[in-house]
Amino acid sequence: MSSWLGGLGSGLGQSLGQVGGSLASLTGQISNFTKDMLMEGTEEVEAELPNARRKEIEAIHAILRSENERLKKLCTDLEEKHEASELQIKQQSTNYRNQLQQKEVEISHLKARQIALQDQVLKLQSAAQSVNSGAGRVPAAPASSSFGYGISRHAAAFHDDDMDFGDIISSQQEINRLSNEVSRLESEVGHWRHIAQTSKPQGSNSSDQSEICKLQSIIKELKQNRSQEIDDHQHEMSVLQNAHQQKLTEISRRHREELSDYEERIEELEKLLQQGGSGIAVTDHLKIHEMQKTIQDLQTEKVASTKKIEELEDKIKDINSKLSSAENDRDVLKKEQERLHVENRQITEECENLKRECSKLQPDAVRQGDAVTGREGILSQGASVQEEVLKLQRALSDAENEIMRLSILNQDNLTEDNLKLKMHVEILEKEKSLLSQEKEELQASLLKLNNEYEVIKSTTGRDMDLDSTLHNLRLTLEAKERELSQSLTEKETLLAELEELDRQNQEATQHVILIKDQLSKQQNEEDNIISKLKKDLNDEKKRVHQLEDDKRNMTKELDVQKEKLVQSELVLNDLHLAKQKLEDKVEDLVDQLSKSQKSNLNMQKENFGLKEHIKQNEEELSRVRDELTQSLNRDSGSDFQVDLLKEREAEVKSLKQSLSEIEQLNDNLNKVAFDLKMENEKLALACEDVRRRLEESIAGSNQISLERNTIVEVLKMEKGQLEAELSRAEERRLEEANKYEQMIKELSKPRDLSTFALQLEQQQLRKLSQEKDFEIAELKKNLEQMDADCKETKAVLSSSLEEQKQLTQLLSEKEIFIEKLKERGSELQEELGKHTEALRKNEVLKQTIEEKDRSLGSMKEENNHLKEELERLRDQQSRAAPVAEPKPLDSVTELESEVLQLNVIKGNLEEEIKHHQKVIEDQNQSKLQLLQSLEEQKKEMDEFKCQHEQMTVTHTQLFLEKDEEIRNLHKTIEQIKAQLHEERQDVQTENSDLFRETKVRSLNIENGGEKHDLSKAETERLVKGIKERELEIKLLNEKNISLTKQIDQLSKDEVGKLTQIIQQKDVEIQALHARISSASYTQDVVYLQQQLQAYAMEREQVLAVLSEKTRENSQLKTEYHKMMDIVAAKEAALVKLQDENKKLAARSEGGGQDMFRETVQNLSRIIREKDIEIDALSQKCQTLLTVLQTSSPGNEVGGVNSNQFEELLQERDKLKQQVKKMEEWKQQVMTTVQNMQHESAQLQEELHQLQAQVLVDSDNNSKLQVDYTGLIQSYEQNETKLKSFGQELAQVQHSIGQLCNTKDLLLGKLDIISPQLSSGSSLSSQSAESLRTVKPDPSSEASKRELEELRKSLQEKDATIKTLQENNHRLSDSIAASSELERKEHEQTDSEIKQLKEKQDVLQKSLKEKDLLIKAKSDQLLSLNENFTNKVNENELLRQAVTNLKERILILEMDICKLKEENEKLVETTREKEMEYQALQETNMKFSMMLREKEFECHSMKEKALAFEQLLKEKEQGKTGELNQLLNAVKSMQEKTVKFQQERDQVMLALKQKQMENTALQNEVQHLRDKELRLNQELERLRNHLLESEDSYTREALAAEDREAKLRKKVTVLEEKLVSSSNAMENASHQASLQVESLQEQLNVVSKQRDETALQLSVSREQVKQYALSLSNLQMVLEHFQQEEKAMYSAELEKHKQLVAEWKKKADNLEGKLMSLQERFDEANAALDSASRLTEQLDLKEEQIEELKKQNELRQEMLDDVQKKLMNLVNSTEGKVDKVLMRNLFIGHFHTPKHQRHEVLRLMGSVLGIKREEMEQLLHEDQGGVTRWMTGWLGGGSKSVPNTPLRPNQQSVLNSSFSELFVKFLETESHPSVPPPKLSVHDLKPLDSPGRRKAVTNVPESFKDGTESRSGRRTDVNPFLAPRSAAVPLMNPAGLGPGGPGHLLLKPISDVLPTFTPLPVSPDNSAGVVLKDLLKQ
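Residues numbered from 1 in each chain as written. Predicted model: local features only at pLDDT ≥ 70, side-chain atom pairs only at ≥ 80, totals over all residues. Heavy atoms only, no water.

### A look at the overall build of the protein chain
Looking only at helices and strands, the protein chain has 30 helices and 0 strands in total. Put simply, the protein chain has 1977 residues, and 29% of those count as buried. Long-range contacts, defined here as pairs at least 24 residues apart, represent 88% of the contacts in the protein chain between residues at least 6 apart. Total accessible area on the protein chain stands at roughly 128000 Å², and carbon and sulfur atoms take up 56% of it. (Helix = DSSP H or I, 4+ residues; strand = E, 2+ residues; numbered from the N terminus. Buried < 20%, exposed > 50% of the residue type's maximum accessible area, 1.4 Å probe, protein only. Contact = heavy atoms within 4.5 Å. Areas by Shrake-Rupley, 256 points an atom, 1.4 Å probe, with all protein chains shown as cover.)

### Points about the side chain of S485
Position of S485 relative to the elements: it lies in helix α8 (residues 470–634). Judged by its relative accessible area of 6%, S485 falls in the buried class. A distance of 2.4 Å separates a polar atom in the side chain of S485 from the backbone oxygen of R482. In contact with S485, other than residues within four places in its own chain, are A737, Y740, E741 and I744. (Polar contact = N/O pair within 3.5 Å; in protein donor to acceptor, adjacent residues only side chain to side chain.)

### Section: the confidence of the model for the protein chain
For the protein chain, per-residue confidence averages 77 on the pLDDT scale, and 77% of positions sit at 70 or higher. With pLDDT under 50 throughout, residues 44–48 is counted as low confidence; its partners more than four residues away or in other chains account for 4 contacts. The model gives residues 135–163 a pLDDT under 50, and that stretch makes 40 contacts with residues more than four places away or in other chains. (pLDDT = per-residue confidence, 0-100.)

### Looking at the pattern of salt bridges
Overall, the coordinates contain 29 salt bridges when judged by the stated rule. For the salt bridge of E898 with K1504, the shortest nitrogen-to-oxygen distance reads 3.2 Å. With E898 in helix α11 (residues 886–1001) and K1504 in helix α19 (residues 1378–1517), this pair connects stretches of sequence that are 606 residues apart. With a relative accessible area of 21%, E898 lands in the partly exposed category. In this structure K1504 comes out as buried when scored by relative accessible area, which is 9%. Members of the salt-bridge network, linked through shared partners, are R474, D536 and E540. (Salt bridge = Lys/Arg side-chain N within 4 Å of Asp/Glu carboxyl O.)

### Comments concerning helix α26 (residues 1858–1869)
The end-to-end C-alpha separation of α26 is 16 Å, in line with the 16 Å expected for 12 residues at 1.5 Å each. Buried residues of α26: L1861, V1863, L1866, T1868 and E1869, and no others. (Expected span 1.5 Å × (residues − 1).)

### A short note on a negative patch on the surface
Residues E69, E823, E827, E830, E831, E1461, E1462, E1464, E1468, E1472 and E1476 make up a contiguous surface patch of negative charge. At the level of secondary structure, the elements contributing two or more residues to the negative patch comprise α10 (751–879) and α19. Using a relative accessible area of 52% as the deciding quantity, one classes E1464 as exposed. (Patch = residues over 30% accessible without salt bridge, like charges linked within 9 Å, V, L, I, M, F, W, Y side chains within 5 Å. Lys, Arg positive; Asp, Glu negative; His and termini not counted. Charge placed at Lys NZ, Arg CZ, Asp CG, Glu CD.)

Following this line, the structure appears as structure tokens:
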């Protein structure tokens, strides 16, 4: 159980451990990230430089990016791992099941073992009891009952795969229990053994000990055998299970395949049954499948079409809505028109009232002018709005430029501005509130402007719509003119009636006549006007459409401009804010610069002053020191001077500190000043860029404004033209009104008379107008239909175009994908380069960090030393008197200052270390990502290769299928040929028979092409009467003529038929040629159609074509190779260019980088050397100080100092050695760095190679795709051809059947006609009936023609028969006279017959010649067609090659362009590198400054060292007191310095706070000033804007006045043009009618085109469906192949694995066998030796026996008594066998070599008392080995409990020896007591069957000795029942029946126990040993 759970845990641990590890890494990274964020928070506060924050942010950004990518990859990896873990779990479950089965096997083994152990325990117990009691043996309980425990229970568990968890646990528990029992039994065995050994009496014989030893050895051997057998059996079980599983899988797979085949067959049969009624014999399963797929595709297309229809309906709804809106606008315009008409009426009334007063006409003109000016004012407002829009656009562009500039500035000044921005936030919020108010006001003003602009736009839109509504206005004008004319006529009649009543009465009659003429003229004029108006209508419709399109475009543009305006406003506001902020920042910076400059000057001045002060102080110090020394020499205890000294020294220290601080401040200020200068320069550059952009944007906006102005002017011009046309129309209307008034005046008088006529004419006119309206409506409908058709065709074309576009998009996407891959590769290369550089930097930084760490450690040590020294000095001061020595104090203070500096440096270094660690982690992550990407690319490559292989396999299969189809077609063609040949032969034979019959019988034959026999009755009649003969002769003459005619006709018909067939074939060939010219993919179709049409393609021609094709292929291949060489050369050139580019890039990078690296390396080296020097000096100082500290007053000081000095020198040497080691290590690091660089270069090369491979694979892919598409096309073409061939075959068969029917009918007719020659009436009726029967068979055209000809001939024959009947009567009178004539006629007929025969021969010859010609022509045709198809194929291949090459060239051109772009990028990078180089030079300068400082420090340190050395010398001379004093002074000074430092810090803090407050106040002041400036600027801008708007209004007013003048001029010009246009209208009407006709013609053409396009569409759709079907089929095939391949591979893998395992097992077994055989060989030799010895011993024993016989006679009486007792014992111990003895004897026999077994048997026989002769007989009979012996020895007992057998020789037994009695006792005990259970193993071979022994006979004797015991058994075939050992036979021996050996342990194992594989017998158990044991007894 524990092991199982452990296995499960380990399996889960593997799957979950990966997840846990990834999660742990994730959490660790997150925690690192949080730490980094916290560190960044602290660093932001600490950062003094402005760029540090930015760098950190960038670093964080990079980290987050990498983290994000890493997490994505982790997710994908985890998903993959999840899937893998699921698979692993499945595998583990199967493994666990196998393990369970194994465990169950183990349980059974353990149970068997337990039983054996229990038996052993019982034996030992019985032995112990027998030993203790001294009596016989205790009976052993039979263990057979407990033997079969658990076997039946767990037998079925082997076959159950679906085991529960509970079962598993229970089995595991059982195993544990059994193992515990086994261990317990083993312990019991040991215990009993111990008892047996200890409890034996001392007087026991040596035989007992030997038996115990034997038993122990046997037990060991049995244990070993058992363990080995268990292992072998487990192996066998596993192998068998694997084999069984494989067989099962194979059987199941076959079963599934058979099932699928049967199902397909059943489906086909069902379809055949369904289609049996319709007469179709064979149905194609694939076709049905394709049809279903096509139906599905059609359904999908239907769904797509419905979606498209819905979209179109939506569009139509939108258009309708737009139309409705347009109609609303039109209604509004109509209302305006009505209003205008009302005004016009008023004006006309005023005109009539005030005609006389011309002065009153002026106000109307003024009003009109006002209206015009009003409109123009609106337009001017629109123009001003446009100008405002342009201004806003300019502002937008300015704002964009400012945004760009600000983004650049923001990037630079982010870190600086953070602090300032925090200060300004409050002020900015206040400003923001003010600005938001201003913004709202501006928005309100903008909304007003927008409303105005929309109003103006609507007015302009209406002006635009005026053109569209002109035709409506013109239509309404006529109605209005009529109304006006009526009103004017009424007024004028009232005025003129008084004047002209008299004239009208006189001239009424004349006027009536004139009016009629005028009306007719007016009618004509009106017709002309109608035609003109129609033309105008069409023109205006076109114009309306154009205007609508323009309107839509304008609206779209306006919307876009509105959006832009809104965006520009927002951006402007943001820009203003940002600009103000930036200006504030710039001013702040300027102020800070000025302040810093001033402070710099002040500081410099202060520095000078301080320096002078320091000099004075130093001079004073030197004086004070001198005085001090003097005073100290005078008085040792003057405390006052000491205090003064301390104060002075404290002052000096404070001054020095202040000096150092001032210097630091100076440096900082210098740095700040430099940064500010740099930023100023950047800002200046940015300002210049912004100005430039502003100028460009202004120029662009100016251009846009000019274009807008021109558009507005054009619109105004058009408006003016429209107004002029309106005015002209009004004038015309007035003129026509006047005319009509006059007409009405003239007509008013005779109106009553001519009303009727006028009414009729009016009705006619109305009808005409209605008809014309109808015509117009019809034309409109036709136009609409045309539009709809056009739209449909456009939609169809658009759908096809969309499909093409999709294909092109797919291609482009693939190209983009390839380009992306290339870009990705280049990016990876760049990243690799970056990472390598970063690695180098990291290594350098690591070195520096390590060095710094060392220096830190040394400094810490120095600190500790100094502290210790200070404490010691204090102690010494307390002891000794004060002595003044200022130099060491100075050194101490300097050291302290250095310590502080070093601490600062340490902090900086730690920060740097953290930063570098982050960088290193990022780089490691990027490395891992690169490796993953490389692996992914490799995987993709493998997948591509697999796909390629699969494609090749599918192609080969397709080719094979095609070849099979071609063979089938050839077969069908040959069959058709054979049928045709048979038909031709039949026809020829029929013709020949007919002609022969005419010769012999001279009968009246009607058809020359078909057989018919004359009846016997006719021949009898001919013989009877001469009269009838004469008639028949005449008839024959006539019919001969008719026959010749018919033969001619038939030959002509046949020739005509053949010519028709040839013409049809020519037509088909031409059609095929046309097809070939139209579409190149139908070549194979043509080729196969020609094959079928010719019906005579032969294999030789096919072979010739194939040879030609191979030759052409070879030519094409050579051409292709040439082209490939050219392409390869171009690619090589490309590669060279790329290499050159890379070299250039490397140079450009390497040039700058190498210089930079060299300079940095040199500087770092110098700095390191300086640092080392400083470290050495500081260590020197330390040693000196330690010497000073440890020195004590007295004479011993010198010695100690010298020792310490030596130690110090040694330490110095050690340090030097360490330094050397560090330098060596550094060199090693450098070498490793270089190696890494080399490796990175190699990786880059590998990357390039991979990219090249990817490119090659992509090319291969594209080629394969092209081939694939070609194959698909050819496959589809072949399918279509096959279908067409099938149809043609069916037609041909049908036509053949019809021809056969017609032939039969004609034969029948002829049979009917021949006997009807006598009876004429009946013949005619029958012929008519036959005709009727023939009629309903109009199958083919040829048969119809023949029938018509036959009808004609029949009618003629009927007529001749009638005439002949009449002549018959006449001839009966003149028979006598005609006898002489008959002879002559006979002669004539003979001559005529001869002539006819000759003609017939000629005709036959001509027919044959024609047939030959036809054949030759058909052959020529075939050869020509073949040549043509070959040439077409060549052309196609060449075209494909050309297209491929063109694509290659395009790709190469693209690559060249890319290379050019890369060159440009490299040039840019070189410029950037130059900039970096300049920056590096500046850093170089800084480094040189640092160097100088370091050198200065070195000098100071050297001086200190010298001072220390002097001090040491002075000390050695004996000045200890001074030192103590100095140390005391130092302590006091230090305390004072601490106090001063605290005070100084407080003061500095206060100063800083005041400075901050000052800066805040200054910032506020500046903000206020900025606000004032901004407000002033806005005021000025608004004033300027107002002035500009006023100027623009004044300009527009002036322009409007100018336009008025121009428009008036134009009006006059247009009036002149009107007259000319009226003439043009008449011409245009004529042209319009012509145009209408041409349009109708075009309509017909377009409809035809539409039909053609629809057909093409259907064809293309069918092709698309076919393509889709073929694609799906191919995909299915591909998937099937992939699955099969996977299954095959997996099966083969498993087989190989199993084979390997089996071979390994076999090898191991063979090795074991070899070893055992060698051991047995040695044992056999030893046994032989022992046997020779035994023979000698036997001789001695025989002599001893002879001597002992004499003694036996004396002791026989004693033995009789003992025998009686033994018999009693035997009776008491019946059925109780000493199993150990039996086993030893039994095993001893089997362990002896086979050729010595006879001797053993003889020995046993001699022991048993069997004679030699009987033994020899037994041995001769027993050829099979031991089996007969076994049956004789063991099989004689009964099944019941055996009694001692009472034989007649019992007395002799009683008189025999003890050994013989003992053997008999064994015999009796060996009989079985329990019958064996029967199992079906009797049919198997026995162990020692003769077949087995024969196999061993050929082995030499020496080898047999050792091997016979095994090799005889190994030949068995059954793997389950192979023999185990010689101890127990495996199956029933041949001789045993159901009553065989009874005892359980002597039974064969196969009957009871599960059998296992054999194991070699251990060498201890050899036959020799057994014999020795026997002899010892």
